[in-house]
Amino acid sequence: MGLIDLANPSRFLAFSHRLLQALVPVTAALFAVGLYLAFFVAPDDYQQGATVRIMFIHVPAAWLGMMCWTVMSIAALGTLVWRHPLADVALKAATPIGAAFTFICLFAGSMWGRPMWGTYWVWDARLTSVLIMFLMYLGLIALWRAVDDPSRAGRAAAILTLVGAVNLPIIKFSVDWWNTLHQPASVIRLGGPTIHPTILLPLLVMVLAFTLLFVTLHVSAMRNEILRRRVRTLRLMQAEAA
Amino acid sequence: MEALAALLLRDMRLAVRVGGGALVGVLFFLIVVTIVPLGVGPDLALLARIGPAILWIGALLASLLALDRLLAADHDDGSLDLILTGRAPLELAVAVKALAHWVTTSLPLVIAAPALGLFLNLEPGAIGAVALTLLVGTPALTFIGLIGAALAVALRRGGLLLPVLVLPLTIPILIFGVSASNAAIVGPVPFGAPFAILAALTLMSLVIGPFAAAAALRHGLE
Amino acid sequence: MRLSACDLVCVRGDRRVFADLGFHLDAGELLAIRGPNGAGKTSLLRSIAGLVRLAAGRIELAGADPELTVAEQSHYLGHHDALKPSLSVAENLVFWARYLGTGGMRPAEALETVGLATLAALPAGYLSAGQRRRLSVARLLAAHRPIWLLDEPTSALDAAAQARLADIMRRHLAGGGLILAATHGPLGLDGTRELVLGDSP
């Protein structure tokens, strides 16, 4: 079943219903395995002790936050270039999820930072770049809410998404450069100089679990958005009929 | 009066329902707090020292930029005409609108300020002082901004004109708000003195704002 | 109740819109204001509503509450409908009924009268132009005031809605109300007096 077959919203709703029935238990199982590995199998870090385990939440969340913007960019191209009917639904559904993952990354990083650096926040290159990406997610959500008509909002959001995709590497570069100007005394190396296999396996499992979580949430959100648009259409028809 | 309660309720409902609303103001506040370290450098000690000022300036800009929503929307769709023919005094009507605006736009900023204080490495005492001064000072910003909004209501291309009109008037509030915050952190001036002046300025603005705004609306009639 | 105006002069910008204008209107009477665009029909209505300053002249209302101004005893229906799209039809109407606070029909009844009762819970943003106009007419019913100042009330209304409006206006006049209506077309009521604007002084 190709993408073009799924372009019909009703078919998508039927397909996604069956997909979710399979996805939800698999995602839950992966999380169970990953969290067990992360908290009981992986060893403590010789410097940071047990708090290093926050990395198993922080790193996958960061990766998902970035991957989500890539997914959104593809959806944006789908809206503007290929005119796929469900592309802007995919874009709208993904945005809050990406924002949430980015927030989890920032929050976990902050909780990790408190015992390590003595402060809840430090303006280092990586955290600052992720914060800026978070602000761009929120801005995109604000743009969606500002325009009433869903398809016009979709095109505007698609343009902003693509502009963001081009800009995010530039922002990352400039923030890295800014950080070298104000180099703090110690450079924090996360996870140690090499990634030991006992840490790598739980990390990969958690990344996979987070990825499946993203897919599950995204598909559910797309279903909600389709239903929301149907309600809107029904209301328009109600007004016309009166 | 029932008329004014209805107006308050309507304005608050609209602020919540119309896209974004309060959250865009908080987002703007967050962005301002982010760009200052990017300009100034990540030195946490420096940021902690200027933190109260950054928070106050961010809150000031965020509440000013939302001001054109206060009266312009009602002017454009004809609601302001009907409000002017209402039996409730115009001064009270605009005061109620400003109150609704403060609750839905500025109060979220006050609530967000402690979280943003963490970004700037402020101590809990400093965060508390800044939040308290913002709580007491932001109504003054709204009620003085009300005057500018009334003066600029009929202008099509308000743009930056409204903040330009209002910012000078809000300078005393900024000065005493930051002073009081710093006094709580560093001393030697006790917190009470600038804080009392800040409170007095707010009380004055609660009176002057609605009267000046109502006069501006009436004189602005063609 | 008698509304009288004499020697009204209105200036907008550098243009004298009308001068030496006078009329009187008794309870139960309808005055249709006619004239080409720019003649000052809207300005006249808005000046009675207190929304436009007159350069000269007096407007008086005899036989009414002396505590209230003429504007406070008028209900102005302008070009804009004063509707908030994100509030429902019913919420919009209930708000104005409460704010203008002078009693009148219950909002549900008013919506019934203009034929919008089935859309009461719908957000007002979904309404067509004609439906918005009808909601404004419902507002006239829900917040009752003796003087109605109607600016092009039939615009955007189809024939059925115009007939309904004529009915509503008839009932208002029968109840002792006064109506001033600026209009290009016919209003559908007999015995309408006319005030024609537009010849430059």
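So, a few notes on the structure that sits alongside this text. Every value quoted in this text rests on a predicted model; they were computed, and no experiment measured them.

Cut-off values and rules
- Residues numbered from 1 in each chain as written.
- Chains lettered and ligands numbered in written order.
- Predicted model: local features only at pLDDT ≥ 70, side-chain atom pairs only at ≥ 80, totals over all residues.
- Pairing = 2+ DSSP bridges.
- Helix = DSSP H or I, 4+ residues; strand = E, 2+ residues; numbered from the N terminus.
- Axes fitted to C-alpha atoms, helices over the stretch in contact; angles between N-to-C directions.
- Contact = placed C-beta atoms within 7 Å.
- Core = buried A, V, L, I, M, F, W, Y, C linked by C-beta atoms within 7 Å.
- Buried ≥ 20, exposed ≤ 12 C-beta atoms within 10 Å, placed from the backbone.
- Expected span 1.5 Å × (residues − 1).
- Bend = angle between axes of the 7 residues up to and from the residue.

## Some thoughts on the sheet that holds strand 8 (residues 193-196) of chain C
Residue and element names in this part refer to chain C. Overall, parallel pairing links the five strands, which are arranged 5-6-7-3-8 in an open sheet. Each edge of the open sheet carries a strand with a single partner, namely strand 5 (74-77) and strand 8. Mean inter-strand twist for the sheet, computed between neighbouring axes without regard to direction, equals 15°. With respect to the sheet, helix 5 (residues 159-174) is in contact with strand 3 (30-34), strand 6 (147-151) and strand 7 (178-182), its orientation differing from that of strand 7 by roughly 145°.

## Considerations on the nonpolar core
In this structure, Phe 29, Leu 146 and Ala 150 of chain B together with Leu 93, Ala 138 and Leu 149 of chain C are the most contacted members of the largest nonpolar core, which totals 132 residues. Counting residues per element, this core draws most heavily on helix 7 (residues 124-151) of chain B, at 15 residues. Beyond its immediate sequence surroundings of up to four residues, Leu 146 of chain B is in contact with Leu 70, Val 94, Ala 98, Gly 209, Pro 210 and Ala 213 of chain B. Counting 50 residues, the second largest nonpolar core, distinct from the first, contains Phe 56, Ala 93, Leu 131 and Phe 214 of chain A.

## Examining the environment of Gly 40 of chain C
Residue and element names in this part refer to chain C. Along the chain, Gly 40 falls in the loop between strand 3 and helix 1 (41-48). Taking the C-alpha atoms as reference, Gly 40 lies 21 Å from Ala 156; in sequence the two are 116 residues apart. Beyond its immediate stretch of four places on either side in the chain, Gly 40 contacts Cys 10, Val 17, Phe 18 and Leu 197.

## What about helix 1 (residues 9-41) of chain A?
Residues and elements named next belong to chain A. When the terminal C-alpha atoms of helix 1 are compared, their 44 Å separation across 33 residues agrees well with the 48 Å that a helix rising 1.5 Å per residue should span. Within helix 1, the axis deviates most sharply at Leu 20, by approximately 25°. Taken together, the buried positions of helix 1 are occupied by Phe 12, Thr 27, Gly 34 and Ala 38.

Any functional reading would require information beyond the geometric quantities listed.
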